[in-house]
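# Chains, contacts and geometry: an overview
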Amino acid sequence: MAFGDDSPVDSVIQILRKRGLLDAVTNPAIEEIAAKQQITVYAGFDPSCDSLQAGNYVTIMALRHFQRCGHKVIALVGGATGLIGDPSGKTSERKFLSEEQVARNSEGIRENLSRFLDFNHPTAPARLVDNSSWMKDYSLIRFLRDVGKHFRMGSLLSKESVKLRLESEAGMSFAEFAYPLLQAYDFLRLYDDAGCTLQIGGSDQWGNITAGIELIRRLRNTEVYGLTIPLVCDSAGRKFGKTEGNAVYLDQNRTSCYEFYQFFYRTADADVIRYLRIFTLLPEEEITALESATRTRPEDREAARRLAEETTRDVHGDEGLRVAVRTSSVLFGETMTGLKSDDLLKVFADAPAAELPASKVVNRSVVEVAADAGLCGSRSEARRLVQAGGLYLNNRKVENIETRVAESDLIDGRLLVLRSGRKNHRLVMVR
RNA sequence: GGUGGGGUACCGAAGUGGCCAAACGGGGUAGACUGUAAAUCUACUGGCUCUGCCUUCCUAGGUUCGAAUCCUAGCCCCACCA
């Protein structure tokens, strides 16, 4: 995949296209350029939270494809821009985060990103930068003279993110309006400092990316490029990366390895092949094989399992994957007999658990225990669950509301596994 | 600042004195069918010590045997005008 040889390998842009990671480019010439020479590409990550989310994974994958094709990649953490907030795609003004919060979040994002990029690559080492390093001491007057002067109101006002907000009741503050200038300046800095000529980002970043391209054209009289990545949605049109309304994070303190694995494992057949192309680096032949496996033996869920394995290993490592797989096999296995509580505790370290005193468990009704352990929001809810036949105690269905937890139900005298439906588990530890 | 409209459960939205713990839709949870998928169908969806009781319809008071519904004050939102 080295440059200069004439081997008929796909260029990075072609790869992105085949993988479903290409939405649009600002100039088709970039395809030719990236095929012929090493370029430097960057993508920015917003520190609005202390962990990246599954949605960001898409952008990370795109960066990796660039690195694998021998290009230099830069991941930028928006430690400065995060203090303002990107208005793109937002229908209302965001609340400012405190400086401490943004600093903390930036640290988390840096840690996340460092897992995915190769900083010791012999010819194309990745770099991680934070735009606060050049923004924090930049005075407003200088910024307006250096950068602001080169932006015309017309083009700023015609940006999608601005139009949307001006039409809405919420309106828009000057701070957010000025956001594209900040991001444009980032691109300029990376162009000057690192020779970066391509910025990639989600499709909502188009306006911010073109702002940078324009700035560089005016100030450096050079054409640089932009590329956007599609917003991934499932087959039902829902935005990818949410489970029960909660975002899936790449940090295991927020989304455990088990939950992460399960999120991908539950991918619908209609989406799984597409996701394999987007979220894994599996070769096309293998994906095609999984596609036919899904068609002929859908009940084996081979493609979904593979997707979950690849992504979990990628994000949480071999150990994380091992824990996730083991936890899953116990939770979805038929029986709990023969298991020791020590094993269970290890496996369940990753599953939701609750700790209750023995007086709150032994001889109490399952309904109360399920509510106290937090599996159900209230006793009424727990009662309804039993009536619907959806509550399980140690993987055995609870048939009667009156059922009480007996001493003998406790595994090793200290552990109880409660389950609601097929997929919601709760480990109860008795103090 | 003026005028008009409005705040109902997780969301949207009906209800304008008792039949209201509050229609309907969405969402959510569970069940059936399955494959931890999708689709479909069914049930549930304020709380509790559960044939009953308690707390809800922006907030605080009031009228009434009885209020989500009427009155008073306040807060908030929206539209148009300035």
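Given the structure is predicted, the values throughout are model-derived calculations rather than measurements. (Residues numbered from 1 in each chain as written. Chains lettered and ligands numbered in written order. Predicted model: local features only at pLDDT ≥ 70, side-chain atom pairs only at ≥ 80, totals over all residues. Heavy atoms only, no water.)

## Regarding the side chain of Ser-106
Secondary-structure assignment places Ser-106 in helix 4 (residues 99-114). Looking at Ser-106, the relative accessible area reads 5%, which means it is buried. If we ignore the near neighbours within four places in the chain, the residues touching Ser-106 are Pro-47, Val-77, Gly-79 and Asp-130. (Helix = DSSP H or I, 4+ residues; strand = E, 2+ residues; numbered from the N terminus. Buried < 20%, exposed > 50% of the residue type's maximum accessible area, 1.4 Å probe, protein only. Contact = heavy atoms within 4.5 Å.)

## Side note on helix 16 (residues 341-348)
The complete set of buried residues in helix 16 reads Ser-341, Leu-344, Val-347 and Phe-348. For helix 16, the angular spread of buried residues about the axis comes to 125°, placing them on one side. On its buried side, helix 16 packs onto helix 15 (302-332), strand 12 (415-420) and strand 13 (424-430). (Arc of directions from axis to C-beta.)

## Focus: unusual backbone geometry
The backbone phi angle of Arg-301 is positive, close to 55°, even though this residue is not glycine. Its place among the elements puts Arg-301 in the loop between helix 14 (284-296) and helix 15. Arg-301 sits in the partly exposed class, given a relative accessible area of 27%. Here the phi dihedral of Asp-412 falls at roughly 55°; this positive angle occurs in a residue that is not glycine. Of the residues examined, Asp-412 reaches a relative accessible area of 43% and is grouped as partly exposed.

## Section: the domain arrangement of chain A
For chain A, the assigned domains read domain 1 (12-231), domain 2 (232-332) and domain 3 (345-430). Here the C-alpha centroids of domain 2 and domain 3 sit 28 Å apart. If you look at the interface, domain 2 gives ten residues, while domain 3 gives eight residues. Between the two partners, domain 2 and domain 3, sit zero salt bridges. When residues of the side of domain 2 that touches domain 3 are traced back to their parent elements, those giving at least two are helix 12 (257-265) and helix 15. Sorting elements by how many residues they give to the side of domain 2 that touches domain 3 places helix 15 first, with six residues. Split by residue class, the side of domain 2 that touches domain 3 holds six nonpolar, two polar and two charged. (Domains from an automatic or database assignment. Salt bridge = Lys/Arg side-chain N within 4 Å of Asp/Glu carboxyl O. Nonpolar A, V, L, I, M, F, W, Y, C, P; charged D, E, K, R; others polar.)

## Structural notes on the pattern of salt bridges
Considering all chains together, one arrives at 21 salt bridges under this definition. For Lys-36, the salt bridge identified is with Glu-32, shortest N-O distance 2.5 Å. Taken together, the positions of Lys-36 and Glu-32, both in helix 2 (residues 29-36) and four residues apart, correspond to about one turn of that helix. Two residues, Arg-254 and Asp-50, come together in a salt bridge whose shortest N-O distance is 2.7 Å.

## Topic: the sheet that holds strand 12
Within the open sheet, the five strands sit side by side as 9-13-12-10-11. Their pairing is mixed. On the outer flanks of this sheet lie strand 9 (353-356) and strand 11 (396-397), each paired with one strand and no other. Sheet topology note: the strand 10 (residues 391-393)/strand 12 ladder contains three bridges and is antiparallel. By the bridge assignment for strand 12, Leu-393 is matched with Leu-418. In the packing of helix 16 onto the sheet, contacts are made with strand 12 and strand 13, and the angle to strand 12 comes to roughly 45°. (Pairing = 2+ DSSP bridges. Axes fitted to C-alpha atoms, helices over the stretch in contact; angles between N-to-C directions.)

## Brief notes about the side chain of Thr-267
Tracing the backbone shows Thr-267 in the loop between helix 12 and helix 13 (269-279). In this structure the side chain of Thr-267 is engaged in a polar contact, spanning 2.6 Å, whose partner is the backbone oxygen of Phe-264. What Thr-267 contacts, discounting residues up to four positions off in sequence, is Val-272, Tyr-275, Arg-301 and Leu-307. (Polar contact = N/O pair within 3.5 Å; in protein donor to acceptor, adjacent residues only side chain to side chain.)

## Brief notes about the sheet that holds strand 4 (residues 127-130)
Pairing is mixed across the open sheet formed by six strands, whose spatial order is 1-6-5-2-3-4. The open sheet has two edge strands, strand 1 (24-25) and strand 4, and neither has a second partner. Of the pairings in the sheet, the one linking strand 2 (residues 40-45) to strand 3 (residues 72-77) comprises six bridges and is parallel in character. In the sheet register, Gly-44 faces strand 3, and the bridge partner there is Leu-76.

## Quick word on the nonpolar core
Phe-45, Leu-63, Phe-66, Leu-198, Ile-200, Phe-264 and Phe-279 are the most contacted members of the largest nonpolar core, which has 59 residues in total. Top element by residues in this core is helix 3 (residues 54-68). It accounts for eight residues. Mapping this core onto the domain boundaries places at least three of its residues in each of domain 1 (12-231) and domain 2 (232-332). Beyond its immediate sequence surroundings of up to four residues, Ile-200 is in contact with Val-41, Tyr-42, Ala-43, Gly-44, Thr-59, Ala-62, Leu-63, Phe-66, Ile-209, Leu-227 and Ile-229. In terms of nonpolar packing, the next biggest core, distinct from the first, is built from 30 residues, Ala-80, Trp-134, Leu-156 and Ile-209 among them. (Core = buried A, V, L, I, M, F, W, Y, C linked by side-chain atoms within 4.5 Å.)

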